[in-house]
Amino acid sequence: MKIVTVVGARPQFIKAAVVSRELRKEFEEILVHTGQHYDYNMSEVFFEELDIPKPDYNLGISGGTHGKMTGEMLIEIEKVLLKESPDAVLLYGDTNSTLAGALAAVKLHIPVIHVEAGNRLGTKNNPEEVNRILTDHASSLHLCCTDSAKEYLSKEGITDTAYVVGDPMYDAFKFYSNKVKHEATETLISLCGEKMEIPEKFYYMTCHREENAGKDETLIEILSAMESLDSKTIYPVHPRNTGRVKRIIEEKGYKNIIACKPVGYLMSVYLVNHAEKIVTDSGGLQREAFFAEKQCITVFDYVVWPETMIDDRNQLSKPCREEILNKLEKKQTVHENHAFGDGNSCKKIVKHIINILKNEEKRYERKIAQ
Ligand code: UD1
Ligand code: UDP
């Protein structure tokens, strides 16, 4: 049986790395890269480091408005699906590549399997929320990372196709944390291309969302909080924000912030595991902070991963210098927690796919036809 998997953005490459390995033991997988992320250090480095199979198709679609990007992807993914005629389409998360894959497949009556189904913020002003909701409602199998995600789906009437399998990001984090060697992670590359050393003590920050990094006012609040800390901050900068970050750091004369090019996943795992604390607006990084039992401040208005908030291990903050600093000061107790599974979610994901495509084929077809 054949499955087409659609990926396009950094967090999806990480999930595909661990899921593909299991999936290919049972199914033929055709990997489609939409091209949404395309710089070497936003895309290829993940395929190299994580040994992800080379994509069978690279659609080369990126940038522009959400509608243009998603629409172009939809047209090209449909062509691939018509040619490959898969038994199902596998999608991860909430990017424009996810939504395009879901629309292309559901219109051709090809079952959609959604990994990381069910997360909700509660606002349609967030582009990822729209992608999640629409993808979930086009999907035939909903594989949730957490109990809360399954509960959200249930409130929307999606019940008997939803299963909690744990988080493949946890599988990846566990697997690659054991593989990171210090030699592989020695230097960072500055935004101007020079090599930079990793200090012994540091904070790890990522900040790429429009709401935070898209305006000087909010980014200055966040950077000035980090500038005033007792150790330096390592900040790998998403390419969309390079110009603004460079200019602000120069204008303000910040000396405590190591702004660098995006790093590969192994380096990112190293930084998570060795950071004092983490400040981020990334859905992935706030979970990784939790996996590594590091205190995290998420600069965002909404809770995306409620399970990480236990005991204030992950606290929301507005992009406000004082609030970030106050929350960073809070002391924490960390208890072991298994909200994201046991590191074997990939096996569970594949088991559910086998079950629904191979063992319960007839029942499944009936469901799809309804
Ligand atoms: C996307 C995801 C978001 C995820 C983020 C980072 C959607 C709606 N959002 O947002 O959930 O957190 O990826 O993983 O899909 N660019 C480059 N080089 C690249 C990639 C992007 O220069 O390799 C620039 C382009 O100018 C592009 C801009 O960054 O227009 C934004 O990229 P895009 O993929 O549209 O959105 P992200 O902000 O990356
Ligand atoms: N990451 C990385 N290099 C970086 C920044 C982040 O490898 O320079 C990893 C990080 O460890 C996490 C994932 O990328 O696993 C998160 O992706 P991102 O923040 O782009 O997307 P989100 O999770 O917010 O959708």
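Structure report, in brief. (Residues numbered from 1 in each chain as written. Chains lettered and ligands numbered in written order. Predicted model: local features only at pLDDT ≥ 70, side-chain atom pairs only at ≥ 80, totals over all residues. Heavy atoms only, no water.)

## A word on the sheet that holds strand E13 (residues 278-280)
Then step 1. If you trace the six strands from one edge of the open sheet to the other, you get E12-E11-E10-E13-E14-E15, paired in parallel fashion. Whereas interior strands pair on both sides, the edge strands pair on one side only; in this sheet they are strand E12 (257-260) and strand E15 (314-317). Here the strands of the sheet are splayed against their neighbours by 20 degrees on average, with no regard to which way each runs.
Then step 2. Both strand E11 (residues 232-236) and E12 contribute to a ladder of four bridges, which runs parallel. When the sheet's bridge partners are listed, Pro236 is paired in E12 with Cys260.
Then step 3. Helix H11 (residues 265-274) rests against strand E10 (202-206), E11 and E13 of the sheet, and its axis sits at about 130 degrees to E10. (Pairing = 2+ DSSP bridges. Helix = DSSP H or I, 4+ residues; strand = E, 2+ residues; numbered from the N terminus. Axes fitted to C-alpha atoms, helices over the stretch in contact; angles between N-to-C directions. Contact = heavy atoms within 4.5 Å.)

## Focus on the side chain of Lys277
Then step 1. Checked against the element boundaries, Lys277 lands in the loop between H11 and E13.
Then step 2. Although Lys277 lies buried, it forms no salt bridge, and the closest oppositely charged side chain, Glu276, sits 7.4 Å away as judged by the N-O distance.
Then step 3. Here Gln295 takes part through its side chain, which lies 3.2 Å from a polar atom of the side chain of Lys277.
Then step 4. Looking at Lys277, its side chain comes within polar contact range of the main-chain oxygen of Leu328, at 2.6 Å.
Then step 5. Setting aside chain neighbours within four positions, we find Lys277 in contact with Phe202, Tyr203, Tyr204, Gln295, Leu328 and Lys330. (Buried < 20%, exposed > 50% of the residue type's maximum accessible area, 1.4 Å probe, protein only. Lys, Arg positive; Asp, Glu negative; His and termini not counted. Salt bridge = Lys/Arg side-chain N within 4 Å of Asp/Glu carboxyl O. Polar contact = N/O pair within 3.5 Å; in protein donor to acceptor, adjacent residues only side chain to side chain.)

## Some details on the pattern of salt bridges
Then step 1. Under the criterion given, the structure shown has 24 salt bridges.
Then step 2. Two residues, Asp136 and Arg120, come together in a salt bridge whose shortest N-O distance is 2.9 Å. Linking Asp136 in helix H5 (residues 127-138) with Arg120 in the loop between strand E5 (112-115) and H5, this pair joins segments that are 16 residues apart in sequence. Summarising the burial analysis for this pair, Asp136 and Arg120 share the class buried.
Then step 3. In this structure, the salt-bridge partner of Glu210 is Arg240, at a minimum N-O distance of 2.6 Å.

## Quick notes on the sheet that holds strand E1 (residues 2-7)
Then step 1. Read from one edge to the other, the open sheet built from seven strands follows the order E3-E2-E1-E4-E5-E6-E7, with strand pairing classed as parallel. The open sheet has two edge strands with one neighbour each: strand E3 (57-58) and strand E7 (162-164).
Then step 2. Along the sheet face, H5 touches strand E4 (88-92), E5 and strand E6 (141-144) and points at about 140 degrees away from the line of E5.
Then step 3. Contacts between helix H14 (residues 345-359) and the sheet are confined to E1, E4, E5, E6 and E7, with E6 contributing the most and set at about 165 degrees to the helix.

## Focus on the packing of helix H9 (residues 216-227) against helix H10 (residues 242-252)
Then step 1. For the pair H9 and H10, the least separation of the axes is 11 Å and the interaxial angle reads 60 degrees. Here H10 runs oblique to H9, going by the angle between their axes. For the pair H9 and H10, the crossing hand works out as right-handed. In contact with Asp216, Leu219, Ile220 and Leu223 of H9, H10 contributes Arg244, Val245, Arg247, Ile248 and Lys252.
Then step 2. Residues of the contact of H9 with H10, tallied by class, amount to five nonpolar, no polar and four charged. (Parallel < 35°, antiparallel > 145°, perpendicular 65-115°, else oblique. Left-handed = near helix turned anticlockwise from the far one by under 90°. Nonpolar A, V, L, I, M, F, W, Y, C, P; charged D, E, K, R; others polar.)

## A word on the site of ligand 2
Then step 1. Looking at ligand 2, there are 19 residues lining it, with Val263, Ser268, Ser282, Gly284 and Glu288 nearest.
Then step 2. Gly284 places a main-chain nitrogen or oxygen 2.7 Å from an oxygen atom of ligand 2.
Then step 3. At 2.5 Å from an oxygen atom of ligand 2 is found a side-chain nitrogen or oxygen belonging to Glu288.
Then step 4. Burial of ligand 2 by the protein chains amounts to 94% of its free accessible area of 530 Å².
Then step 5. When residues of the shell around ligand 2 are traced back to their parent elements, those giving at least two are helix H1 (10-23), H11 and helix H12 (283-291).
Then step 6. When residues in the shell around ligand 2 are grouped by element, the largest group, four residues, is from H12.
Then step 7. Partitioning the shell around ligand 2 into residue classes produces ten nonpolar, six polar and three charged. (Near = heavy atom within 4 Å. Areas by Shrake-Rupley, 256 points an atom, 1.4 Å probe, with all protein chains shown as cover.)

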